[in-house]
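# Per-entry structural report
What follows is each chain in one-letter form.
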Amino acid sequence: MGNNLGSYDVAIVGGGPGGSTLAALLRMQGRSVCIVERDEFPRFRIGESLLPFSMDTFEKTGVLEKIRAAGFMEKHGARFIIDDSDEQECFWFRDGLDKDHPFAFEVQRAPFDKLLLDHAVELGVTVHQPLSATGFRCEPDGAVLETGAGEISAQVVADASGRWTFMSSRQKQRKLHPSHRKITVFGHFKGVLRDETDEGNIIISRFGDSKMGWFWLIPFSDGTTSVGVVADSEYFRESGQPTDDFFWSSIKASRSFAPRMADAELVGKLHTEADFSYTSDRHVADRLIKVGDAGAFIDPVFSSGVFLSVKAADMAAKAIDVAFQTGDFGEASFTDYEAKVRQGTKVFWAFIDAFYNKDFLKQMVTSRRRPLLQKSITSLLAGDIYNEENQLISFLTGSGGAYADDELQALLG
Ligand SMILES: Cc1cc2nc3c(=O)[nH]c(=O)nc-3n(C[C@H](O)[C@H](O)[C@H](O)COP(=O)(O)OP(=O)(O)OC[C@H]3O[C@@H](n4cnc5c(N)ncnc54)[C@H](O)[C@@H]3O)c2cc1C
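Summary of the structure given here. (Residues numbered from 1 in each chain as written. Predicted model: local features only at pLDDT ≥ 70, side-chain atom pairs only at ≥ 80, totals over all residues. Heavy atoms only, no water.)

### A look at helix H13 (residues 391-399)
What counts here: Whether a residue is buried, partly exposed or exposed follows from its accessible area with a 1.4 Å probe, protein chains only, as a fraction of its type maximum: under 20%, in between, or over 50%, in that order. Segments assigned H or I by DSSP are reported as helices when at least four residues long, segments assigned E as strands when at least two residues long, and all are numbered from the N terminus. Within this analysis, the arc is defined by the directions that extend from the helix axis to the C-beta atoms. Only heavy atoms enter the contact rule, under which two residues are in contact if any of them lie within 4.5 Å. Any N or O atom pair separated by 3.5 Å or less is treated as a polar contact, with the protein-specific requirement of one donor-capable and one acceptor-capable atom, and with residues adjacent in sequence counted only for side-chain atom pairs.
For H13, every residue scored as buried is listed here: Leu392, Ile393, Phe395, Leu396 and Ser399. All buried residues of H13 project into a common sector of 165 degrees when viewed along the axis, lining one side. Contact partners of the buried residues in H13: helix H10 (335-355), helix H11 (358-365), helix H12 (371-382) and helix H14 (405-412). Measuring from the backbone nitrogen of Leu392 back to the side-chain oxygen at the start of H13 gives 3.0 Å, which picks out Asn390 as the cap. Two residues or fewer after H13 comes Gly400, characterised by a positive phi angle close to 60 degrees.

### With respect to unusual backbone geometry
Between Phe41 and the following residue, Pro42, the backbone shows a cis peptide bond with an omega angle of 0 degrees. Assignment of secondary structure puts Pro42 in the loop between strand E2 (33-36) and helix H2 (55-61). Cis peptide bonds are those with omega within 30 degrees of zero, and the linkage from Gln129 to Pro130 qualifies with 0 degrees. With respect to the helices and strands, Pro130 occurs in the loop between strand E7 (126-128) and strand E8 (133-139). Even without being a glycine, Arg287 presents a positive backbone phi close to 60 degrees. Note on placement: Arg287 falls in the loop between strand E18 (284-285) and strand E19 (288-290). The exposure class of Arg287 is buried, given its relative accessible area of 11%. A positive phi angle is found at Ser303, which is not glycine, with a value near 55 degrees. Counting through the fold element by element, Ser303 comes out in the loop between E19 and helix H9 (305-326).

### A look at the packing of H10 against H12
The criterion, for reference: Each axis is a line fitted through C-alpha atoms, and for a helix only the stretch in contact is used; angles between axes span 0 to 180 degrees, taken between their N-to-C directions. Here the word oblique covers every angle except those under 35 degrees (roughly parallel), over 145 (roughly antiparallel) and from 65 to 115 (roughly perpendicular). The hand of a helix crossing depends on one turn: near helix anticlockwise from the far one by less than a right angle means left-handed, and clockwise means right-handed. Amino acids are sorted into nonpolar (Ala, Val, Leu, Ile, Met, Phe, Trp, Tyr, Cys and Pro), charged (Asp, Glu, Lys and Arg) and polar (every other residue, Gly among them).
In the contact formed by H10 and H12, the axes pass within 11 Å of each other and the chain directions differ by 125 degrees. Compared by their axis directions, H10 and H12 come out oblique. Judged by the twist between their axes, the crossing of H10 over H12 is left-handed. Residues Val347, Phe348 and Phe351 of H10 touch H12, and the partners they reach there are Ile377, Leu380 and Leu381. Classifying every residue of the contact of H10 with H12 gives six nonpolar, no polar and no charged.

Next comes the structure, spelled out in structure tokens:
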């Protein structure tokens, strides 16, 4: 037994977008909520390009106006390039199946995460920071979150600890994706040439063949730009280069990124991450619910991470509300939540597998001739992943990775 740090309806581990959004929504339901966050904010974090379908949740918590007022770069589209051939297409969110989600933002996560967390505090959330969660116990009449400074009692604990996977690591439930072993090197730069049609667009350029990778370019409103390379870990190892050299030699060899980076000047340092795609055996347990990256993280090519975290926070808030109404906090009461989270991840994984399949990518960058296919792709890129009208979703999730263009054509022209 340690110090008693208080008793709340819900205790949340992690004050990233998933944790602070869940906290805000629970406060709006009238619950008492605390967040335990181990880092001081603001702090650097990767995950900077948002999706339009996150905006609904930000509007619901009342933080959208603050995001707008903070002056982050507006994002209206996503450009995809095949580096070797220079074939490319820009997907504009206004042209998706749903017309009500035309924009998102490109955000430096240091001020963005602080803004979300401050908003939760304004709604009445207690934040213990900097403080690490160290353990979780389920007791007959509640849960206990153990921390470096003492214990917190709650009816439910939500794990929103990101890729540190606080609970899944302890439960030995974290499973690396077997075939997506990647490394990424990235940084912020001055002097990068942005998209010519709309400087707020994200640019993704895929290079190489079987051994391959891709670049991202994410522009910020202060004139700096986030640029990163993602590659198969094996490809990186075979290069024999240190990570910084690997970054620069990949850029120099790129048809689409070398000219954009010709005058680029690094601000700060380059960062590296590896093996970032994983899932968990379970996303819930008695009195426990995992939100966002704490449960699973998928390849970042479609910038889905923050969207999936805040969407999961929205769904978790509903599941927790029902649990309070019924008084049932058992694992079974959270299984619908888990199924919906898995469904969202499955849709993005199918789309990601398609991106890594050169035939599909070719269809993607030449989809201008096929308006329905282009609309369907645009909707997925916006995060409209639960839209049953989008036939591309059932095509991709049912295809098992085999992309017969004639079948796709029969369905979507
Ligand atoms: C290379 C790369 C590029 C990416 N690009 C994008 C992108 O363009 N767009 C996008 O949407 N996403 C992107 N992502 C994903 C994005 O980073 C995450 O999906 C997103 O940050 C998840 O939010 P979260 O709230 O679940 O977790 P996090 O943002 O990771 O927040 C978790 C918080 O928990 C805290 N924490 C951890 N352990 C403890 C503990 N024991 N006690 C207390 N606190 C703890 C951490 O300090 C952290 O603040 C990218 C990821 C990678 C690897």
